[in-house]
Amino acid sequence: MSGYLPAMSRLYPRLSPKVLLAAGLSALLGACASAPMMPEAPPAPLAQAEPAPEPPPERAIPADSLYPLLLGEFALRRRDYDIALQQYTEQAPLLRDRGISAHATHIAQFLQREPEALASAALWVELEPDNIEANNTYATLLSRAGRTDEALPHLAMVARDQGKANFPILLNRFPQLGPERQTELISGLETLQEEFPNNASLLLTRALAYDELDQHDQALATLQALFEQDPYQYQGLLLEAKLLLEAGDETPFAHIEEALEADPEDSRLRLQYARLLTRSDIGAARGQFEILSAHAPRDGDLLFSLALINHEIGDDLAAKAYLRQLLDLGQRTDEAHYYLGRIAEQNGQLQDAVKAYMLVVEPDGPDFFSAKGRIGRILLDNGKTAEAGALFNELRQEYPETSERLYALEAEVLASVGFGAEAMTVLNEGVSALPDSSSLRYSRSLLSEKQGDLALMETDLRAIIAQDPTNATALNALGYSLANRTQRYAEARNLIEQALALEPMEPAILDSMGWVLYRQGNYDEALTYLERAYRAFPDPEVAAHLGEVLWVSGRADQARAIWRDALAKDPAHEILLSTIQRFDVSMLQNQP
């Protein structure tokens, strides 16, 4: 019987002996009934040891808590973790026992139940304020909840005890804190740095925070202090390179290169260096990936990166060799087939492309639908309309769980080559087969609006809204279409206002609101919304709307400037061009 208590003690490291005895009583009785009686071995001589610390004072467990603790214990043994968590989180505040509070925290963390973990950790720290694990756990949970000002003192306690604390966790939700709380957190970090001037984790956290606030000079200065403590600190090196790259420095990677020269086997840093190089020097990036691959020749991720890089720089022979290595290794096979198909298609080898695309077979993979869409496009471009239809029918039979997406994909491919009527037939078939599909109804509403069938468009959008009154996309689409294609402005505005209440920062909805206000003659108010939309999302269609309202408001020069910028980005945008043509195109073109 004595063998059970140590196991229970591991579960409840600080629970009093009486609580342990009570919680284990039922299991002990079962063990006694089944275990054979064995003679006890003579005790081994005891080595001289330091006096054991005083155990926590014993206290009787309340009768009402005995059964819940047993229930929680045996729920854990059955791996019924939800019941176990419920029992321990209910008993922890009643018993106010350090061991139970810690155990409740650990179970909640295991189940990723953050609210319960946070409440249990708060009690644990209250009962055992000097416990480093409790403080560290509580600080982590507070940071995840965005309560960084409360987390900082607990991390400071960890740093005082151990010299190390994970201060960067404080930045977990830094962008959502708001300017005032961000400033308070940085001030707290700076004050703590006075106590720990050489703490590398704290220096890194400050540098990361300064970067988040675009205080790049302060970030770089703090990184220099960090490198005095740890010359090649991994995250610091990456942040420094990022900042120097953004500043236009001629040698942004010099420090990383120095670190790799000091430790050529640092594959983690070399991989990040290679990824950074892909933004500015694809050839140098290839060299770094080749070094990595030479040390790990069976690493499929490295081979795939090398395939994409070689394809990007035009070395398709090398790209195909790396992709075939992936196939030989049985790694990332769908992606390998897809990019072999892309290379073949770009080189005009359409039969080979179709064969490769057909070998992309995982519907949950990143390239499945793109591969099937490209097969459909190749068939349609070569006049094989019936074969394209048969392909999508076969795919829906083979992958019935993807029917909704396959209907939409087939219609999209048909519409892209000018087969609008055929696309509508496919969407009608899809909606008939899946009448509750908001996705297919939305696709059909877009196509019917283009084809001038406003009644069908409205029917589909209202069906979506009836199914989900909080669907801001459908509310906005219907409101915008009514404002743009009819004179039902009041109704349109009501729909857009509903969408805006649901997503007040969405640029597309801001644009719609500005447009309906313009159609109602409220030019000044319209400009407010359109300017907000354009700042957030400088799209050519938004530019067309903003320019038009500026023009009719007598601000022609500003309209021209907006249109010129939009044309530079997308000179063939249909809505932008048609808007400009309704005004004086020659005046626009004659501007310097």
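Each residue is numbered by its place in its chain's sequence as written, counting from 1. Side-chain atom pairs in this predicted model are given and counted only at pLDDT of 80 or more, local residue features only at pLDDT of at least 70, and totals for whole chains, interfaces and linings cover all residues. To get the side-chain values, all heavy atoms of the structure are used, and hydrogens and water are removed first.

1. Points about the overall build of the protein
Link 1 in the chain: The helix and strand inventory of the protein stands at 33 helices and 0 strands.
Link 2 in the chain: By the burial criterion, 44% of the 592 residues in the protein qualify as buried.
Link 3 in the chain: In what follows, residue pairs with any heavy atoms lying within 4.5 Å of each other are defined as contacts. Across the protein, every contact between residues at least 6 apart in sequence was considered, and the portion connecting residues at least 24 apart equals 47%. Note on conventions: DSSP H or I runs of at least 4 residues are helices, E runs of at least 2 residues are strands, and numbering of each starts at the N terminus. Summary of the burial criterion: residues with accessible area below 20% of their type's maximum are buried, those above 50% are exposed, and those between are partly exposed, where the area comes from a 1.4 Å probe applied to protein chains only.

2. Here's the deal with the side chain of serine 403
Link 1 in the chain: Within the secondary structure layout, serine 403 lies in helix H22 (residues 403-416).
Link 2 in the chain: If we skip the residues at most four places from it in the chain, serine 403 touches Arg396 and Leu434.

3. Points about the confidence of the model for the protein
Link 1 in the chain: As a per-residue measure, pLDDT tells how confident the predictor is, with possible values from 0 to 100. Considering every residue of the protein, the mean pLDDT works out to 88; 89% of them sit at 70 or more.
Link 2 in the chain: No element of the protein has a lower mean pLDDT than helix H1 (residues 4-11), which averages 33, and none a higher one than helix H18 (residues 333-346), which averages 98.
Link 3 in the chain: Across residues 1-49 the pLDDT falls below 50, and counting only partners more than four positions away or on other chains, this stretch makes 53 contacts in the model.

4. Digging into the environment of leucine 317
Link 1 in the chain: By the secondary structure assignment, leucine 317 is in helix H17 (residues 316-329).
Link 2 in the chain: Put simply, leucine 317 and isoleucine 343 are 26 residues apart on the chain and 9.7 Å apart in space, counted from C-alpha to C-alpha.

5. Quick look at the packing of aromatic side chains
Link 1 in the chain: Think of it this way: a Phe, Tyr or Trp ring, Trp meaning its six-membered ring, pairs with another when their centres are within 6.5 Å, and the plane angle makes it stacked under 30 degrees, edge-to-face over 60, tilted otherwise. This structure, assessed with the given rule, holds 12 aromatic pairs.
Link 2 in the chain: Between tyrosine 518 and tyrosine 523, the aromatic rings sit 5.5 Å apart at their centres with planes inclined by 40°, giving tilted as the arrangement.
Link 3 in the chain: The exposure class assigned to tyrosine 518 is buried, which follows from its relative accessible area of 11%.
Link 4 in the chain: Residue tyrosine 523 is classed as partly exposed on the basis of its relative accessible area of 33%.
Link 5 in the chain: Clustering of aromatic rings is evident, with ring pairs tying together Phe304, Tyr338, Tyr339 and Tyr357.
Link 6 in the chain: Sitting over a ring, as applied to charges here, requires NZ of Lys or CZ of Arg to be within 6 Å of the ring centre and within 35 degrees of the ring normal. One residue, arginine 396, lies across the ring of tyrosine 407, its end atom 4.0 Å from the ring centre.
Link 7 in the chain: Geometry around phenylalanine 369 places arginine 405 over its ring, the cationic atom sitting 3.8 Å from the centre.

6. What to know about helix H4 (residues 81-95)
Link 1 in the chain: Residue count minus one, scaled by 1.5 Å, sets the expected span of a helix. Along its 15 residues, H4 runs 20 Å from first to last C-alpha, staying within 8% of the 21 Å computed at 1.5 Å per residue.
Link 2 in the chain: All buried positions along H4 are accounted for by Ala84, Leu85, Gln87, Tyr88, Gln91, Ala92 and Leu95. Seen end-on, H4 carries its buried residues on one side only, within an arc spanning 165°.
Link 3 in the chain: Positive phi shows up at arginine 96, right after H4, with a value of about 50°. Here the arc refers to the set of directions running from the helix axis out to each C-beta atom.

7. Some details on the packing of helix H20 (residues 368-381) against H22
Axes are the key here: two packed helices are described by the angle between their axes and the distance separating the axes.
Link 1 in the chain: Axis definition: a line fitted to C-alpha atoms, limited for helices to the stretch in contact. Angles are taken between N-to-C directions and run from 0 to 180 degrees. Their axes nearest at 10 Å, the elements H20 and H22 cross at an angle of 35°. Crossing handedness for the pair H20 and H22: right-handed. Contacts from Phe369, Lys372, Gly373, Gly376, Arg377 and Leu380 of H20 reach H22 at Arg405, Leu406, Leu409, Val413, Leu414 and Ser416.
Link 2 in the chain: By residue class, the composition of the contact of H20 with H22 is 6 nonpolar, 3 polar and 3 charged. Helix crossings fall into two classes, left-handed where the near helix is turned counterclockwise from the far one by less than a right angle and right-handed where it is turned clockwise. Nonpolar residues are Ala, Val, Leu, Ile, Met, Phe, Trp, Tyr, Cys and Pro. Charged residues are Asp, Glu, Lys and Arg, and all others, Gly as well, are polar.

8. A word on the nonpolar core
Link 1 in the chain: To define a nonpolar core, start from buried Ala, Val, Leu, Ile, Met, Phe, Trp, Tyr and Cys residues and group those joined through side-chain atoms within 4.5 Å. Grouped together as the largest cluster of nonpolar side chains are 87 residues, with contacts concentrated most on Tyr88, Phe167, Leu170, Ile256, Leu269 and Leu323.
Link 2 in the chain: Look past the residues within four positions of leucine 323 in its chain and what remains in contact with it is Phe304, Ala307, Ala336, Tyr339, Leu340 and Ile343.
Link 3 in the chain: Within the second largest apolar cluster, 44 residues are counted, among which are Leu461, Ala477, Leu495 and Ile562.

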